[in-house]
Amino acid sequence: MPKAPVRYNAVRLEPEETVLFRIDDGSRISLPIFREVGSSKELVCCDLCALFISLTHTRHTSYLQNHRGQDQCNREATRLRRETINQETAASFRALFTEPAQMDAPGVYYVFYISRILIKYYYFPL
Ligand SMILES: [Zn+2]
C-alpha cells in the first residue's frame, strides 16, 4: 500500500518570493514559495502533480528533486488528471440535462453516475 501523501494547507508568501528549480531537461523554472497555515514551514507546489512539497530550511529544493516524476508524483498526477476529466464530464452533462423546477412531480426518473460522480437527470411527464 503506497504511503498517502502529506497534504498541506498553504498560502502563497506575500509579497511573492520564488525559488529556482532545475527540471530534467536542464532548464530552470521559477516556483512561488508557499507557507503552511499555522506553521513556518515553507513549501513549493509540484508542477506535475500539484502537491505541496517542503523546502529545506535553507530553501533548497532537494525534496522536490526527489519527489518530481517518481511514483507518488506520477500517482498524484494521474489522480489529478482523472479528477479534472471527471469534473469536465460532469459539467458538460449538467449543461446537457437541465433539472425541472418540481422534482416531486410524477414521471420517469433517471439517475446517471459517471466515475462515482452523481449526475441527475429527471424526465417528465407521465
Ligand atoms: Zn509531483
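Going by the structure above, here's the rest.
Presented here is an overview of the structure given in this document. Bear in mind that the values here come from a model prediction, so they are computed numbers and not experimental data.

About the criteria used
- Residues numbered from 1 in each chain as written.
- Predicted model: local features only at pLDDT ≥ 70, side-chain atom pairs only at ≥ 80, totals over all residues.
- Buried ≥ 20, exposed ≤ 12 C-beta atoms within 10 Å, placed from the backbone.
- Helix = DSSP H or I, 4+ residues; strand = E, 2+ residues; numbered from the N terminus.
- Pairing = 2+ DSSP bridges.
- Axes fitted to C-alpha atoms, helices over the stretch in contact; angles between N-to-C directions.

A separate point is the pairing of strand 3 (residues 28-32). In terms of burial, strand 3 is a largely surface element, zero of the five residues being buried. Pairing of strand 2 (residues 18-22) with strand 3 involves five bridges; the strand directions are antiparallel. Across the sheet, residue Thr-18 finds its bridge partner in strand 3, namely Pro-32. Turn length for the strand 2-strand 3 hairpin, with the two strands adjacent in sequence and antiparallel, is five residues, and the turn residue Gly-26 shows positive phi of about 95°.

So, about the sheet that holds strand 1 (residues 10-12). Strand pairs in the sheet, formed through backbone hydrogen bonds, run parallel or antiparallel to each other. With antiparallel pairing, the four strands of this open sheet are ordered in space as 1-4-5-6. In the strand order of this sheet, the two ends are held by strand 1 and strand 6 (52-54), each with one partner. The average undirected angle you get between the axes of adjacent strands in this sheet is 40°. Sheet topology places strand 4 (residues 34-36) next to strand 5 (residues 42-45); two bridges connect them, and they run antiparallel. Looking at the pairing, Phe-34 lines up with Leu-43 of strand 5.

Turning to unusual backbone geometry, a few remarks are in order. Both trends apply: most residues other than glycine have a negative phi, and most peptide bonds are in trans. Of note, the bond from Glu-14 into Pro-15 is cis; its omega dihedral lies within 30 degrees of zero at 0°. Considering the arrangement of structural elements, one finds Pro-15 in the loop between strand 1 and strand 2. Although it is not a glycine, Ala-50 adopts a positive phi angle of roughly 70°. Using a count of 12 C-beta atoms within 10 Å as the deciding quantity, one classes Ala-50 as exposed. Although it is not a glycine, Arg-59 sits at a positive phi angle of roughly 65°. Mapping Arg-59 onto the fold places it in the loop between strand 6 and helix 1 (62-67). Residue classification places Arg-59 among the exposed positions, given that 11 C-beta atoms sit within 10 Å.

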